[in-house]
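# Examining the three-dimensional arrangement
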Amino acid sequence: MVYGKVILSGEHAVVYGKMALAASISLGVSARVVESVGNKKNLLINKAIAVAGGDETIQIKIESELPIGSGLGSSAAVSAATIRAVREYLRNPINDDDLFELTMECEKLAHGNPSGIDASVVVYGGLIGFVKGKPVERLKINQPVKLLLADSGKPSETTKEMIELVAGKPEKNELIAQIGMVTKQVKQKLLNGLDVGELLNQNGLLLEKLGVVGEKTKKLSRELRAMGASVKITGAGGVKTGSGMMVVMAPDVVKIKQLLDNGQIDYFETMIGER
Ligand code: PMV
């Protein structure tokens, strides 16, 4: 199984050279080589087979628990799982560093100019501090953190479009700087085993100010905050329809789950910092 990822803090700011914190989640993707898949070929899977050294006769069956296009690293996880399966099939197992390089090749097909944060987390796992162009910082925390990931709906926009939207905002520099500072504090608190709920909320509100959160998601976030939860979107966001997955932390998750159930909002619980 190759696990997906969540960005805990610092999306968008990472594009401007700030640190982002990301972690593996408990949902993932598995891939195996099969006789026949019986459905049409997927461009990303074909690319992953090719970079792994497989030929066009190889067929792959993917089983994924990750929603596609919701910022949980689905494309990187599918690529990494496929590459690993093909290399095992060819009796040439791959190490993590090579798997990272080949997953990045596939990410370029899916995203154009990926920062590498998804590939890093899906391949190496755990909790990482990520700064574009710098070696990944692996963070060890003593206290795993429990999160709810709630689905605000699939964004209509691509990550690339959301990055362009932010680039056009006159107030972005100030907001990016503030997100960068919040992320540094989140890192310190995590390393010291302290609660990061308040900082998560600050990051969420800064992302709203940055204009990457739609009205529907803002309304839901207000309702959750009114019940004592801390909320932020994770990933690039979206404004026209959904804003992707939301990270929710709360002292009383039972009440929060009720509100999500009543609103027919899908969610799941995950622990970060375990692996
Ligand atoms: O929605 P995702 O998981 O593709 O996350 C995008 C995060 C950004 O910071 C907006 C872009 C990036 O490449 O880091």
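Now for a look at the structure at hand. (Residues numbered from 1 in each chain as written. Predicted model: local features only at pLDDT ≥ 70, side-chain atom pairs only at ≥ 80, totals over all residues. Heavy atoms only, no water.)

## Here's the deal with the site of the ligand
Rules: A molecule or strand has a residue near it when one of that residue's heavy atoms lies within 4 Å. Under this definition, polar contacts are N or O atom pairs within 3.5 Å; protein pairs additionally need one hydrogen-donor-capable and one acceptor-capable atom, and for neighbouring residues in sequence, both atoms have to be side-chain atoms. In short, Shrake-Rupley with a 1.4 Å probe defines the accessible areas, and a residue's cover is counted only from the protein chains shown. For the purposes of this entry, the term helix denotes a DSSP run of H or I that reaches at least four residues, the term strand denotes a run of E that reaches at least two, and both are numbered from the N terminus. The residue classification treats Ala, Val, Leu, Ile, Met, Phe, Trp, Tyr, Cys and Pro as nonpolar and Asp, Glu, Lys and Arg as charged. All others, Gly included, are polar.
Lining the immediate environment of the ligand, one finds K5, I7, E11, H12, V14, V15, G71, S115, T159, I163, G235 and A236. Residue K5 places a side-chain N or O atom 2.8 Å away from an oxygen atom belonging to the ligand. For the ligand, an oxygen atom lies 2.9 Å from a polar atom in the backbone of A236. About the coverage of the ligand: the protein hides 90% of its 380 Å² of free accessible area. Of all the secondary-structure elements, those providing two or more residues to the shell around the ligand are strand 1 (2–9) and helix 5 (159–167). Within the shell around the ligand, the residues separate by chemical class into 5 nonpolar, 5 polar and 2 charged.

## Some details on the packing of aromatic side chains
The description of an aromatic ring pair uses the distance of the two centres, along with the angle that the planes make with each other. The condition is simple: Pairing of aromatic rings covers Phe, Tyr and the six-membered ring of Trp, with a centre-to-centre limit of 6.5 Å; geometry is then stacked below 30 degrees between planes, edge-to-face above 60, and tilted otherwise. Each residue's exposure class comes from its accessible area (1.4 Å probe, protein chains only) as a fraction of the maximum for that residue type: buried when under 20%, exposed when over 50%, partly exposed otherwise.
Inspection of the entire model under this criterion finds 1 aromatic pair. Summarising the aromatic geometry, the rings of F100 and Y124 are spaced 5.9 Å apart at their centres and angled 35° between planes, so their arrangement reads as tilted. Highlighted residues: F100 in helix 3 (residues 96–111) and Y124 in helix 4 (residues 117–124), separated in sequence by 24 residues. By relative accessible area, F100 is classed as buried at 17%.

## Quick look at the environment of I25
Considering the arrangement of structural elements, one finds I25 in strand 2 (residues 20–34). Residue class for I25 comes out buried when judged on its relative accessible area of 0%. Sequence separation of I25 and L190 is 165 residues, and the distance between their C-alpha atoms is 16 Å.

## A closer look at the pairing of strand 7 (residues 230–233)
Stated precisely, the cut-off is as follows: When DSSP finds at least two bridges between two strands, those strands are taken to pair.
Going residue by residue along strand 7, you find S230 and K232 tucked away on one face and V231 and I233 tucked away on the opposite face as well. Taken together, the 4 bridges between strand 7 and strand 8 (residues 245–249) define a ladder with antiparallel strand orientation. In the sheet register, K232 faces strand 8, and the bridge partner there is V247.

## Examining the packing of helix 7 (residues 197–210) against helix 8 (residues 215–226)
A packed helix pair is summarised by two numbers, namely the angle formed by the two axes and the spacing between the axes. Basically, it comes down to this: Each axis is a line fitted through C-alpha atoms, and for a helix only the stretch in contact is used; angles between axes span 0 to 180 degrees, taken between their N-to-C directions. Here the angle decides the label: under 35 degrees means roughly parallel, over 145 means roughly antiparallel, 65 to 115 means roughly perpendicular, and every other value means oblique. Working rule for handedness: look at the near helix, and if it is turned counterclockwise from the far one by less than a right angle, call the crossing left-handed; if clockwise, right-handed. Should any heavy atoms of two residues lie within 4.5 Å, those residues are considered in contact.
Viewed as axis vectors pointing N to C, helix 7 and helix 8 meet at an angle of 155°, and their least axial separation amounts to 12 Å. Comparing the axis directions of helix 7 and helix 8 gives the class roughly antiparallel. As for how helix 7 packs across helix 8, the hand of that crossing is left-handed. Between helix 7, through N201, G204, L205 and E208, and helix 8, the contact on the second element is made entirely by K218, S221 and R225. Its residues assigned to classes, the contact of helix 7 with helix 8 shows 1 nonpolar, 3 polar and 3 charged.

## Things to note about the layout of surface pockets
Note the following rule: A cavity, in this analysis, means grid points on a 1 Å lattice covering only the protein atoms where a 1.4 Å probe fits yet has no way out; a pocket is instead an open set bounded by protein on both sides within 12 Å along at least five of seven lines, and a residue lines either one if it has an atom within 4 Å of a point. Grid points are joined across faces, edges and corners, and a volume is the space filled by probe spheres set on the points.
Put simply, the second largest pocket is a space of about 310 Å³. In terms of lining residues, the second largest pocket is bounded by 19 residues, among which V145, K146, D195, V196 and M249 are the most central. For the lining of the second largest pocket, the leading source of residues is strand 6 (residues 145–151), giving 4 residues. For the lining of the second largest pocket, the class distribution of residues is 12 nonpolar, 5 polar and 2 charged.

## What about the sheet that holds strand 8?
The strand order across the open sheet built from 4 strands is 7-8-6-9, with neighbouring strands paired in antiparallel fashion. Only two strands of the sheet have a single partner each, and these edge strands are strand 7 and strand 9 (267–272). Strand-to-strand, the axes of this sheet are offset by a mean angle of 30°, without reference to chain direction. Sheet strands in contact with helix 8 are strand 7 and strand 8, and its direction is about 10° off that of strand 8. Relative to the sheet, helix 9 (residues 253–262) contacts strand 6, strand 8 and strand 9, its axis offset from that of strand 6 by approximately 10°.

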